[in-house]
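Commentary on secondary and tertiary structure
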Amino acid sequence: MRRPETATARKLRREMSLPEVLLWQRLRGGKAGAKFRRQHPVGPYVLDFYCSEAGLVVEIDGEAHDRAARPERDAVRDAFLRENGYRVRRFAAGEVLKDVDAVAAAVAALVVSPLHHPADGPPPRERGGF
């Protein structure tokens, strides 16, 4: 039996928003310097984009992320991901629509930056175990 997150991820891949589609066109096939997955399940969440090489999660936030309890839910989600060794970077959907190439370049820069800087303390916990 599949996890419910897997079914949700498949559905979300078919129903990507315009900003997600535009960014995916620039990330897919290693165009950002590493392989990305779209709508990738991790724990109870489905990530917009994920690069396992860099431990990088890229989220595209539409207007709904600014309303009601959504900012608190996003903070809980980000904390969960960081506690499990992922780096999280959020971009506003409007930012992607305005200049998708700049966002793609920012993502590519995050891919090549090291996961850990010794002055920041111990490295993050190892990912996995879900």
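Scope of this entry: the structure provided in the associated data block.

Quick notes on the rules
Residues numbered from 1 in each chain as written. Predicted model: local features only at pLDDT ≥ 70, side-chain atom pairs only at ≥ 80, totals over all residues. Heavy atoms only, no water. Helix = DSSP H or I, 4+ residues; strand = E, 2+ residues; numbered from the N terminus. Buried < 20%, exposed > 50% of the residue type's maximum accessible area, 1.4 Å probe, protein only. Contact = heavy atoms within 4.5 Å. Areas by Shrake-Rupley, 256 points an atom, 1.4 Å probe, with all protein chains shown as cover. Pairing = 2+ DSSP bridges. Phe/Tyr/Trp six-rings, centres within 6.5 Å; stacked < 30°, edge-to-face > 60°. Axes fitted to C-alpha atoms, helices over the stretch in contact; angles between N-to-C directions. Core = buried A, V, L, I, M, F, W, Y, C linked by side-chain atoms within 4.5 Å. Expected span 1.5 Å × (residues − 1). Parallel < 35°, antiparallel > 145°, perpendicular 65-115°, else oblique. Left-handed = near helix turned anticlockwise from the far one by under 90°.

A few points about the overall build of the chain
A count of helices and strands for the chain gives five helices and four strands. What you see in the chain, going N to C, is helices and strands ordered as α-α-β-β-β-α-β-α-α. Out of the 130 residues in the chain, the part that is buried amounts to 38%. In the chain, the proportion of contacts linking residues at least 24 apart, taken out of those at least 6 apart, comes to 62%. Approximately 7700 Å² of the chain is accessible, and the part contributed by carbon and sulfur atoms is 54%.

As for the pairing of strand 1 (residues 37-42)
Direction of pairing for strand 1 relative to strand 2 (residues 45-51): antiparallel, over a ladder of five bridges. Its bridge partner lying in strand 2, arginine 38 is registered against phenylalanine 49. A loop of two residues connects strand 1 with strand 2, the two strands running antiparallel in sequence, and glycine 43 in this loop sits at a positive phi of about 55 degrees.

Points about unusual backbone geometry
Positioned with a positive phi, glutamine 39 is a non-glycine residue whose angle comes to about 50 degrees. Tracing the backbone shows glutamine 39 in strand 1.

Quick word on the packing of aromatic side chains
The tally for this structure, following the rule as stated, stands at three aromatic pairs. Considering the side-chain rings of tryptophan 24 and phenylalanine 49, the 6.0 Å spacing of their centres and the 15 degrees angle between planes classify their relative orientation as stacked. Highlighted residues: tryptophan 24 in helix 2 (residues 18-27) and phenylalanine 49 in strand 2, separated in sequence by 25 residues. In this pair, the class of tryptophan 24 matches that of phenylalanine 49, namely buried. Look at tyrosine 50 and tyrosine 86: their rings are 5.6 Å apart centre to centre, the planes differ by 65 degrees, and that puts the pair in the edge-to-face class. Residue tyrosine 50 is located in strand 2, and its partner tyrosine 86 is located in the loop between helix 3 (70-83) and strand 4 (87-92); the two are separated by 36 residues in the primary sequence.

Structural notes on the sheet that holds strand 4
Across the sheet, which stays open at both edges, the four strands sit in the order 1-2-3-4 with mixed pairing between neighbours. The sheet is open, and its two borders are formed by strand 1 and strand 4, each paired with just one other strand. Each neighbouring strand pair of the sheet contributes to a mean axis angle of 45 degrees, computed without reference to strand direction.

A short note on the nonpolar core
One broad rule of soluble globular proteins: the nonpolar side chains tend to lie buried together. Judged by nonpolar contacts, the single largest core of 21 residues is most densely connected at Leu23, Phe36, Phe49 and Val58. Listing elements by their share of this core, those giving two or more residues are helix 2, strand 2, strand 3 (56-61), helix 4 (93-98) and helix 5 (100-112). In terms of residue count, the dominant contributor to this core is helix 5 (five residues). In terms of nonpolar packing, the next biggest core, distinct from the first, is built from seven residues, Val42, Leu47, Leu81 and Tyr86 among them.

Notes on helix 3
Taking 1.5 Å of rise per residue, the 14 residues of helix 3 would be expected to cover 20 Å, and the 20 Å separating its terminal C-alpha atoms lies within 8% of that figure. Among the structural elements, strand 1, strand 2, strand 3 and strand 4 are those in contact with the buried residues of helix 3. Positive phi shows up at glycine 85, right after helix 3, with a value of about 90 degrees.

Topic: the packing of helix 2 against helix 5
The N-to-C vectors of helix 2 and helix 5 enclose an angle of 50 degrees; their axes lie 10 Å apart at closest approach. With respect to each other, helix 2 and helix 5 are oriented oblique. As helix 2 runs across helix 5, the sense of the crossing is right-handed. Contacts between helix 2 and helix 5 involve Leu22, Leu23, Arg26 and Leu27 from the former and Val100, Asp101, Val103, Ala104 and Val107 from the latter.

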